[in-house]
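Here is how the chains run, residue by residue.
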Amino acid sequence: MHISARSDYAVRAMLAVAQHHPEVVKAAVLAASQDIPYPFLQGILLDLRRAGLLHSLRGTDGGYALTRAPAEIAVGDVLRATAGALTTVRGAPAEVATYHGVATGLGEVWLSVHRAIEGVVDGTSLADLLGRDRLVRRSVADCGPDAA
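A brief look at the structure comes next. (Residues numbered from 1 in each chain as written. Predicted model: local features only at pLDDT ≥ 70, side-chain atom pairs only at ≥ 80, totals over all residues. Heavy atoms only, no water.)

Things to note about the packing of aromatic side chains
Here the structure, examined in full by the defined rule, presents one aromatic pair. For the ring pair Tyr 9 and Phe 40, a centre distance of 5.5 Å and an interplane angle of 80° mean the geometry is edge-to-face. Placement of the pair is Tyr 9 in helix H1 (residues 5-19) and Phe 40 in helix H3 (residues 38-50), with a sequence separation of 31 residues. Accessibility expressed as a relative area gives 31% for Phe 40, which makes it partly exposed. (Phe/Tyr/Trp six-rings, centres within 6.5 Å; stacked < 30°, edge-to-face > 60°. Helix = DSSP H or I, 4+ residues; strand = E, 2+ residues; numbered from the N terminus. Buried < 20%, exposed > 50% of the residue type's maximum accessible area, 1.4 Å probe, protein only.)

Side note on the nonpolar core
Counting residues in hydrophobic clusters, the biggest one holds 30 residues, and the most contacted among them are Met 14, Leu 45, Leu 48, Leu 54, Leu 66 and Val 78. When residues of this core are traced back to their parent elements, those giving at least two are H1, helix H2 (27-34), H3, strand E2 (63-66), helix H4 (75-83), helix H5 (106-122) and helix H6 (126-142). Of all the elements, H1 adds the most residues to this core, at eight residues. Setting aside anything within four residues of it in sequence, one finds Leu 54 in contact with Met 14, Val 17, Leu 45, Leu 48, Arg 49, Tyr 64, Ala 65, Leu 66 and Thr 67. (Core = buried A, V, L, I, M, F, W, Y, C linked by side-chain atoms within 4.5 Å. Contact = heavy atoms within 4.5 Å.)

Quick look at the pairing of strand E1 (residues 54-57)
Strand residues, when the strand is regular, have side chains that alternate between the two faces of the sheet. As defined by bridge partners, E1 adjoins E2 across four bridges and the pair is classed as antiparallel. Across the sheet, Leu 54 pairs through a bridge with Leu 66, a residue of E2. In this antiparallel pair of consecutive strands, E1 and E2, the connection spans five residues, and Gly 59 shows a positive phi of 105°. (Pairing = 2+ DSSP bridges.)

Re a nonpolar patch on the surface
A cluster of nonpolar residues, Leu 106, Val 109, Trp 110 and Val 113, forms a patch on the protein surface that exposes about 290 Å² of accessible area. Following the sequence through the fold, Leu 106 ends up in helix H5. With relative accessibility at 31%, the residue Leu 106 sits in the partly exposed group. (Patch = residues over 30% accessible without salt bridge, like charges linked within 9 Å, V, L, I, M, F, W, Y side chains within 5 Å. Areas by Shrake-Rupley, 256 points an atom, 1.4 Å probe, with all protein chains shown as cover. Salt bridge = Lys/Arg side-chain N within 4 Å of Asp/Glu carboxyl O.)

Regarding H2
Within H2, burial applies to Ala 27, Leu 30 and Ala 31. End-on, the buried residues of H2 take up no more than an arc of 95°, which puts them together on one face. Buried residues in H2 make contact with H1, H3 and E2. (Arc of directions from axis to C-beta.)

As for the pattern of salt bridges
Under the counting rule described, the total for this entry stands at six salt bridges. For Glu 118, the salt bridge is made with Arg 80, and the minimal N-O distance between the two is 3.4 Å. Here Glu 118 is found in helix H5, whereas its partner Arg 80 is found in helix H4, with 38 residues between them in sequence. For Glu 118, a relative accessible area of 27% gives the class partly exposed. Taking relative accessible area as the criterion, Arg 80 reaches 30% and is therefore assigned partly exposed.

Here it is in structure tokens:
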């Protein structure tokens, strides 16, 4: 599995929107807060909207908001919206790779890799990641000089 800049930016943008859920967040704010080039972000937001993960509102009070609660959107949903298949073999989905002779068992290995990746990214929601961020901040604060 290769995580492209586009996919990484998409997950980061979705986390920034999820952090403000159910409020609307402007694209310029997303770009600035996550250090994502604004023109690149616009295309990503369009993909996420087309995939039904975001909706947009126009106007001065406009921006982007999640279509569902952060707990209902998995990292895998975001990755598929921006990159397509989670794992590929020679540019095709792992499910269609076929082998013959001594390599016959290799297809099952690639499917196992695919299932493992799918389990991680589909089992991790935006809410999970936001919760981890809070836990990390809290544990760091607990280690400060005033910690008892």
